[in-house]
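Listed here are the chains, written in short residue letters.
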Amino acid sequence: MNTPQTTEVADTVADIQPYVQAKDFAAIVDAISPLTSEQVAALLERLPVNHLAIVYRLLPKEKALEVFERLSPRMQGDLIDGLQDSEVTALFADLDPDDRVWLLDELPAALAPRLLHGLSAKDRELTSGVLGYPKGSVGRRMSPEYVSTRTDHTVSEALDRVQRHIADAETIYTLPVLDGSRRVVGVVSLRDLMGSEPGQTISELMQPAKTTSAYQSAEEAARRSTNLGLLALPIVDKEGRLVGILTFDDAVRILEHEETEDSARQGGVEPLRRPYLATPIRTLVKSRIVWLFVLAIGATLTVQVQSHFEPTIEQVTALALFVPLLIGTGGNTGNQAATTVTRAMALGDIQPRDLLKVLLRELGVGSSLGAALGIIGGTFTALVFEPRIGLVIGLTLLAVCSLAATVGGIMPMVARALRVDPAVFSNPFISTFVDATGLIVYFLIARAVLQI
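In this report, the structure presented in the accompanying data block is examined.

Conventions we followed
Residues numbered from 1 in each chain as written. Predicted model: local features only at pLDDT ≥ 70, side-chain atom pairs only at ≥ 80, totals over all residues. Heavy atoms only, no water. Buried < 20%, exposed > 50% of the residue type's maximum accessible area, 1.4 Å probe, protein only. Helix = DSSP H or I, 4+ residues; strand = E, 2+ residues; numbered from the N terminus. Pairing = 2+ DSSP bridges. Axes fitted to C-alpha atoms, helices over the stretch in contact; angles between N-to-C directions. Parallel < 35°, antiparallel > 145°, perpendicular 65-115°, else oblique. Left-handed = near helix turned anticlockwise from the far one by under 90°. Contact = heavy atoms within 4.5 Å. Nonpolar A, V, L, I, M, F, W, Y, C, P; charged D, E, K, R; others polar. Phe/Tyr/Trp six-rings, centres within 6.5 Å; stacked < 30°, edge-to-face > 60°. Lys NZ or Arg CZ within 6 Å of the ring centre and 35° of its normal.

Turning our attention to the pairing of strand 2 (residues 174-178). Across the 5 residues that make up strand 2, a large majority, 5, are buried. Residues Thr 174, Pro 176 and Leu 178 of strand 2 are buried on one face, and the alternating residues Leu 175 and Val 177, pointing to the opposite face, are buried as well. Across 2 bridges, strand 1 (residues 149-150) lies against strand 2 in parallel orientation. Within strand 2, the position partnered with Arg 150 by the bridge is Leu 178. By the bridge criterion, 5 bridges tie strand 2 to strand 3 (residues 184-189) in an arrangement that is antiparallel. For Leu 178, the partnering residue across the bridge sits in strand 3 and is Val 184. Here strand 2 hands over to strand 3 after 5 residues, with Arg 182 in that stretch at a positive phi of 65 degrees.

Written out as structure tokens, the structure reads:
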């Protein structure tokens, strides 16, 4: 359902596109001036790529930066393609170090040195430090701009540090507490500092710290941060020394990004990484066609199985009627198991070492589902056709559901153990595998029961 805000943005897009084509800049300014920064960002995401820079240049400088920060990294990259070097350098310098790295990951590698060269020495050092961590790690998404304190500092000294660094720090609401070697020994909140006596020491106020290695997966660190409800998660190096923080809003942003990718790949497409309406048709085609080829090749296995058992189908033509039912049931059962286990892995409920437990659990779930469906389906089939065919359908549903749930449950775990994205083992891939094996099981059971 559209909200008044989305409707207003859609109407503005329809209004300004003729102005952009006619280069009527005054009319564009009149159309976008009443919009908030959030609405302008939503508007840009609906415009064709070649119109982005034209509209963006007409924004006031302060509002332009706010709008730029609200865009996704891929949309920021599209916008930069249409701006002049001086405009790009100014925008890049105004971003936080972690946001700069996120943007650089979306841009051609050759552009990175030019952008980094335009930064001040301090900003270049901060950004290069974040860039030094592996892609996909939380070190690549942390902010190196933070306010810390020490165990022997007083409340007054800690608050002085907050005031001196308030303009640069990513957040001031949680302060990591360090020892003499810069190792994190605790955290203290701004609320506790402001409610304490100036002469109290930080060691009296600090709480135990939850930290994460800079080399840990960004998704795992973000999941941990949000599960614990932390405003800021201290990020440490291999020696336990503080190197940055992951704020709550950045953790949520990471999870949204990862879940968008997982949802797309489970549906058999590559993630667009930009709004649908701003995505060229050729990109939509490219995001889907590879998986369609893979699934089409996989589907040939099903055709081969059916052709192999063609004599069986010719003797009992009623068997062919139930192929769609069995294929659909098996695929859906496998997809349900895969989705459930992938979600549990993302939440940290299960680990690769729990493979055997998950296998046995899904085998139990699958056999229970198969027994229930088999009794219902077999009874109905026996009444409509004959008891032997009903028995074939009942036994096949039991076997197919058990197989599909087991395979669907362990595939994401095998992927994680092999350091492959579990979403790559998408639901269409599982369906293709279960289709072929399910048909083999079906016709073998039919041969045994019907003696053909």
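Having seen the structure, we can now continue with the description.
Looking at the secondary structure, you find Ala 372 in helix 20 (residues 355-384). Exposure remark for Ala 372: the relative accessible area of 40% places this residue in the partly exposed category. C-alpha separation for the pair Ala 372 and Leu 398, spaced 26 residues apart in sequence, amounts to 8.2 Å.

Right, let's get into the packing of helix 3 (residues 37-46) against helix 5 (residues 61-70). Interaxial distance between helix 3 and helix 5 falls to 9 Å at its minimum, and their mutual angle equals 60 degrees. The orientation of helix 3 with respect to helix 5, classified from their angle, is oblique. Crossing hand, helix 3 versus helix 5: right-handed. Across the interface between the two elements, Ser 37, Glu 38, Val 40, Ala 41 and Leu 44 of helix 3 pack against Lys 63, Glu 66, Val 67 and Arg 70 of helix 5. Broken down by class, the residue content of the contact of helix 3 with helix 5 amounts to 4 nonpolar, 1 polar and 4 charged.

As a further point, take the packing of aromatic side chains. A ring pair, where both rings are aromatic, is described by two values, the distance of the centres and the angle of the planes. Inspection of the entire model under this criterion finds 4 aromatic pairs. On the basis of an interplanar angle of 70 degrees and a centroid distance of 5.5 Å, the ring pair of Phe 322 and Phe 385 is categorised as edge-to-face. A residue pair is termed long-range when its members are at least 10 positions apart, and Phe 322 in the loop between helix 18 (318-321) and helix 19 (323-346) and Phe 385 in the loop between helix 20 and helix 21 (387-417) qualify at 63 residues. On the basis of relative accessibility, which here comes to 10%, the residue Phe 322 falls in the buried class. Against the face of Trp 102 rests Arg 141, its NZ or CZ located 4.2 Å from the ring centre. A cation sits over an aromatic face here: Arg 253 above Trp 102, 4.3 Å from the ring centre.

Examined against the element boundaries, Leu 373 turns out to sit in helix 20. Spatially, the C-alpha atom of Leu 373 lies 9.4 Å from that of Thr 329, the residues being 44 residues apart in sequence. The contacts of Leu 373, once residues within four sequence positions are left out, are Thr 329, Gly 378, Leu 397 and Cys 401.

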